[in-house]
Amino acid sequence: MSSENSSADDEQRVWDVVVVGAGPAGASAAYAAAVAGRSVLLLEKAELPRYKTCGGGIIGPSRDALPPGFELPLQDRVHAVTFSLDGKFTRTRRSKQMLFGLINRPEFDQQLVEHAQKAGAELRTGVTVSRVEQHGSAVPDRRTVAVVLQGGETVLARAVVGADGSASRIGAHVGVKLDQVDLGLEAEIPVPETVAEDWQGRVLIDWGPMPGSYGWVFPKGDTLTVGVISARGEGAATKRYLEDFIARLGLAGFEPSISSGHLTRCRADDSPLSRGRVLVCGDAAGLLEPWTREGISFALRSGRLAGEWAVRIAEAHDAVDTRRQALNYAFAIKAGLGVEMAVGKSMLAAFERRPGMLHAAITSFRPAWRAFAGITRGSTTLGEMVRSHPMAGRALSALDRRSAVAAPPVAESTPTTE
């Protein structure tokens, strides 16, 4: 276990903010609280850097949420997207501007943690949180939360941020409720230089055979990140989809360096974001985009907000003020990320019923492609697009209402550039 301060010191000290989990959400929360001048302890059960199942796409909203001076450890810059409909009707769209970047999570997460440390946060790795207590003998007063570690050690804080992933123990304490659970499977496949060159600057998105499913290929130097995602409960079919997808791409002869799986979980609309002096953010709160299941930007943005409001909660002197600050945090999340999630749910519902229509629109209808490019670059979001462009909202509503009629096939086409 690495530690910036001894166990004995932790038991005596009351931290302003303790953050559980050192992924993008937790590191962002720790950074935000530390920059505000508060004492911050960041707890992580693994040793860093560590691998996480993740495509590693960094879209515009993610870049905008990074700490000042953060230099992305990009493995590739994406200027082209090849779309296919379960392996058919392939079309590539290109952009003169970069659409998004690709990173490896171990380096990215480590760098975020280092920025939090430079801002003043202290890090402890190799520690597992068993539970949090806001009442009882372990809690010295009403302004303190006890974070109980495996083995019995207790860390005290004025506010706690739970950023401990989709199977969050802090989320269980808060009472997070889930509305959508999906299974993602992924393989990191080292490839020869000739294969890597073919993928450089281009990703593949394949709308899959099960409702709401899709696959991706993200190039990262001499490795291709290949994955698929679908609703939980379709495990065997999801595994077959990944195997067929890899074979179809001509990659079955290359041995993956890592094969992994992960459950993504979306919060229910009425799911709480806090309990007393404890906040949750990122995957621990079930915050991610329901259609694409993109979570990094949601983690970074919600983590920053959680860190800022944790500072306010740490300063609160009574239950009324604590509740007020927690409600303000929930309002900030719902006003921004909540709107994007609501639109994403509508997009997922439409995509589940009419994947062919979506494929036809994004590959053949220029405004749809421009909307996709704008979202990935960060010039707009799903929520802003619907708010700012009434036609987009009406089109989404109409698509959501229409009966399931097969969309016309899209012919093979040469690449186009926007």
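Refer to the structure presented above.
Throughout this document, residue positions are counted from 1 along each chain, in the order its sequence is written. It should be noted that, the model being predicted, local features are given only for residues of pLDDT at least 70 and side-chain atom pairs only at 80 or more, the latter also being counted only at that level, while totals for whole chains, interfaces and linings use all residues. In computing side-chain properties, one takes all heavy atoms of the structure into account and sets aside hydrogens as well as water.

J.: Any chance you could explain the environment of Ser84 here in plain terms?
T.: Strands here are runs of E lasting at least two residues and helices are runs of H or I lasting at least four, both read from the DSSP assignment and numbered beginning at the N terminus. Relative to the helices and strands, Ser84 resides in strand β5 (residues 80-85). Burial classification: accessible surface area is computed with a 1.4 Å probe over protein chains only, and a residue below 20% of its type maximum counts as buried, one above 50% as exposed, and the rest as partly exposed. Given the relative accessible area of 4%, Ser84 is considered buried. When the C-alpha positions of Ser84 and His359 are compared, they lie 7.5 Å apart, and in sequence the two are 275 residues distant.

J.: I tried to follow helix α2 (residues 24-35) on my own but got confused; where do I start?
T.: Taking 1.5 Å of rise per residue, 12 residues should cover 16 Å, and α2 covers 16 Å from first to last C-alpha, within 8% of that figure. Burial runs high along α2: 11 of the 12 residues are buried. Within α2, burial applies to Pro24, Ala25, Gly26, Ala27, Ser28, Ala29, Ala30, Tyr31, Ala32, Ala33 and Ala34. Remark: Gly37 follows α2 within two positions and exhibits a positive phi of approximately 90°. To estimate the expected span of a helix, subtract one from its residue number and multiply by 1.5 Å.

J.: What is the right way to look at the environment of Glu243 in this model?
T.: Mapped onto the fold, Glu243 is located in helix α7 (residues 235-248). Classification of Glu243 by relative accessible area gives partly exposed; the value is 45%. As for Glu243 and Val228, which are separated by 15 residues in sequence, their C-alpha atoms are 9.7 Å apart.

J.: Before we go on, may I ask you to explain the nonpolar core in this structure?
T.: If you look at soluble globular proteins, the nonpolar side chains tend to sit buried side by side. By nonpolar core is meant a set of buried Ala, Val, Leu, Ile, Met, Phe, Trp, Tyr and Cys residues that side-chain atoms within 4.5 Å join together. Formed by 71 residues in total, the largest nonpolar core has its most connected members in Val18, Phe108, Val147 and Tyr329. Tallying contributions element by element places helix α8 (residues 296-315) first for this core, with 11 residues. Among the nonpolar cores identified, the runner-up in size contains 28 residues, and Phe100, Trp207, Tyr214 and Phe218 belong to it.

J.: Looking at this structure, how should I read the pattern of salt bridges?
T.: Oppositely charged side chains can form a pair if their charged atoms are brought close together. Note on definitions: salt bridges are taken to be side-chain nitrogens of Lys or Arg within 4 Å of carboxyl oxygens of Asp or Glu. Within this structure, the stated rule accounts for 17 salt bridges. The partner of Asp109 in a salt bridge is Arg50, and the shortest N-O contact between them spans 2.7 Å. One end of the pair, Asp109, is in helix α4 (residues 105-118); the other, Arg50, is in the loop between β2 (40-44) and β3 (57-58), with 59 residues separating them in the sequence. Here Asp109 and Arg50 have matching classes, each one buried. The salt bridge partner of Arg124 is Glu153, with a shortest N-O separation of 2.9 Å. One end of the pair, Arg124, is in strand β8 (residues 122-125); the other, Glu153, is in the loop between β10 (145-149) and β11 (154-162), and 29 residues separate them in sequence. Its relative accessible area of 0% is what places Arg124 among the buried residues. Via salt bridges that share partners, Glu44, Arg50, Arg105 and Asp109 belong to a single interconnected network.

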